[in-house]
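Here's the letter readout for the chains.
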Amino acid sequence: MTVYQNPDSFFNAIEEAVDTAFSEFVQSTQGLLTSRAPVDTGRLASSFFISKALPSNEVTPTPWAPKGAKKVVRPEYTGKITYGGTWFITNNVPYGPYVAFDPVYGKGGRAFGPDWYTATVNQNPARFQALLRKNLRGVT
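Bear in mind the structure is a predicted one, so any value in this text is a computation, not a measurement.

Draft legend 1. Spatial organisation of the environment of Phe-10. Within the secondary structure, Phe-10 sits in helix H1 (residues 7-36). For Phe-10, a relative accessible area of 28% translates into the label partly exposed.

Encoded structure:
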């Protein structure tokens, strides 16, 4: 058990735990979207970018890989992710909305089939709560 000498150190520990939980949440969400997206060339799955304050305009270039190559890379965010501010996970491939929301195009989702995107997003509140509980347990 940690003994805090003053209230500031206790509240700093809480803030650090929340930042850590949020960073894990954002990165794991990006990872789930990447790993669950249907793969033809891997361009859609490899185009989920994390950004702060403004949506990213990045997209994995074309040609990405030959059809059927199944090449998937999760773009790495190199900055520090904290709870403050507005964070985005964007995907700018032009066919992204069709694959995310139309079962005809999303049927190849590697988890949850055509509902891969909706299922991932619907799980977000529970996943964030679990990560927050895990990280706050260390603050006593």
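Draft legend 2. Focus on the packing of aromatic side chains. For the structure shown, the criterion picks out 11 aromatic pairs. Each ring, one from Tyr-83 and one from Phe-128, has its centre 6.5 Å from the other, and the planes form 10°; the classification is stacked. Residue Tyr-83 is found in the loop between strand S1 (49-52) and strand S2 (87-90), and its partner Phe-128 is found in helix H5 (residues 124-136); the two are separated by 45 residues along the sequence. Judged by relative accessible area, which is 46%, Tyr-83 ranks as partly exposed.

Draft legend 3. Representation of the nonpolar core in the model. Counting residues in each nonpolar core, the largest one holds 10 residues, listed as Leu-33, Ala-37, Val-39, Leu-44, Ala-45, Phe-48, Val-93, Val-99, Ala-100 and Trp-116. Among residues more than four places away in sequence, those in contact with Phe-48 are Gln-30, Leu-33, Thr-34, Ala-37, Pro-75, Ile-89, Thr-90, Asn-91 and Trp-116. In this structure, Ala-21, Val-26, Ile-50 and Leu-131 belong to the second largest nonpolar core, which totals 9 residues.

Draft legend 4. Geometry of the side chain of Gln-30. Of note, Gln-30 is situated in helix H1. Within the local environment of Gln-30, its side chain forms a polar contact with the backbone oxygen of Phe-48, the two atoms lying 2.7 Å apart.

Draft legend 5. Structural view of a nonpolar patch on the surface. Taken together, the side chains of Tyr-95, Tyr-98, Val-104 and Tyr-105 make up a nonpolar region of the molecular surface, amounting to roughly 450 Å² of accessible area. Relative to the assigned elements, Tyr-105 resides in helix H3 (residues 103-106).

Draft legend 6. Just unusual backbone geometry, in detail. The phi torsion at Ala-53 lies on the positive side, around 80°, for a residue other than glycine. The residue Ala-53 is located in the loop between S1 and S2 in this model. Even without being a glycine, Phe-112 presents a positive backbone phi close to 70°. For Phe-112, the location among the structural elements is in the loop between H3 and helix H4 (116-122). Accessibility expressed as a relative area gives 43% for Phe-112, which makes it partly exposed.

Draft legend 7. Geometry of the environment of Phe-128. Overall, Phe-128 belongs to the buried group, its relative accessible area being 17%. Sequence separation of Phe-128 and Ala-21 is 107 residues, and the distance between their C-alpha atoms is 7.3 Å. Setting aside residues no more than four positions away along its own chain, Phe-128 makes contact with Ala-21, Phe-22, Phe-25 and Tyr-83.

Draft legend 8. Highlighting the environment of Arg-36. Following the sequence through the fold, Arg-36 ends up in helix H1. Here the alpha-carbon distance between Arg-36 and Tyr-117, two residues 81 residues apart in the chain, equals 7.7 Å. When near neighbours in sequence (up to four residues on either side) are disregarded, Arg-36 contacts Gly-109, Arg-110, Ala-111, Phe-112, Trp-116, Ala-119, Thr-120 and Gln-123.

Draft legend 9. Spatial organisation of the side chain of Ser-51. Counting through the fold element by element, Ser-51 comes out in strand S1. Judged by its relative accessible area of 9%, Ser-51 is buried. When neighbours within four sequence positions are excluded, Ser-51 is seen to be in contact with Ser-56, Tyr-77, Thr-86, Trp-87 and Phe-88.

Thresholds applied
- Residues numbered from 1 in each chain as written.
- Predicted model: local features only at pLDDT ≥ 70, side-chain atom pairs only at ≥ 80, totals over all residues.
- Heavy atoms only, no water.
- Helix = DSSP H or I, 4+ residues; strand = E, 2+ residues; numbered from the N terminus.
- Buried < 20%, exposed > 50% of the residue type's maximum accessible area, 1.4 Å probe, protein only.
- Phe/Tyr/Trp six-rings, centres within 6.5 Å; stacked < 30°, edge-to-face > 60°.
- Core = buried A, V, L, I, M, F, W, Y, C linked by side-chain atoms within 4.5 Å.
- Contact = heavy atoms within 4.5 Å.
- Polar contact = N/O pair within 3.5 Å; in protein donor to acceptor, adjacent residues only side chain to side chain.
- Patch = residues over 30% accessible without salt bridge, like charges linked within 9 Å, V, L, I, M, F, W, Y side chains within 5 Å.
- Areas by Shrake-Rupley, 256 points an atom, 1.4 Å probe, with all protein chains shown as cover.
- Salt bridge = Lys/Arg side-chain N within 4 Å of Asp/Glu carboxyl O.

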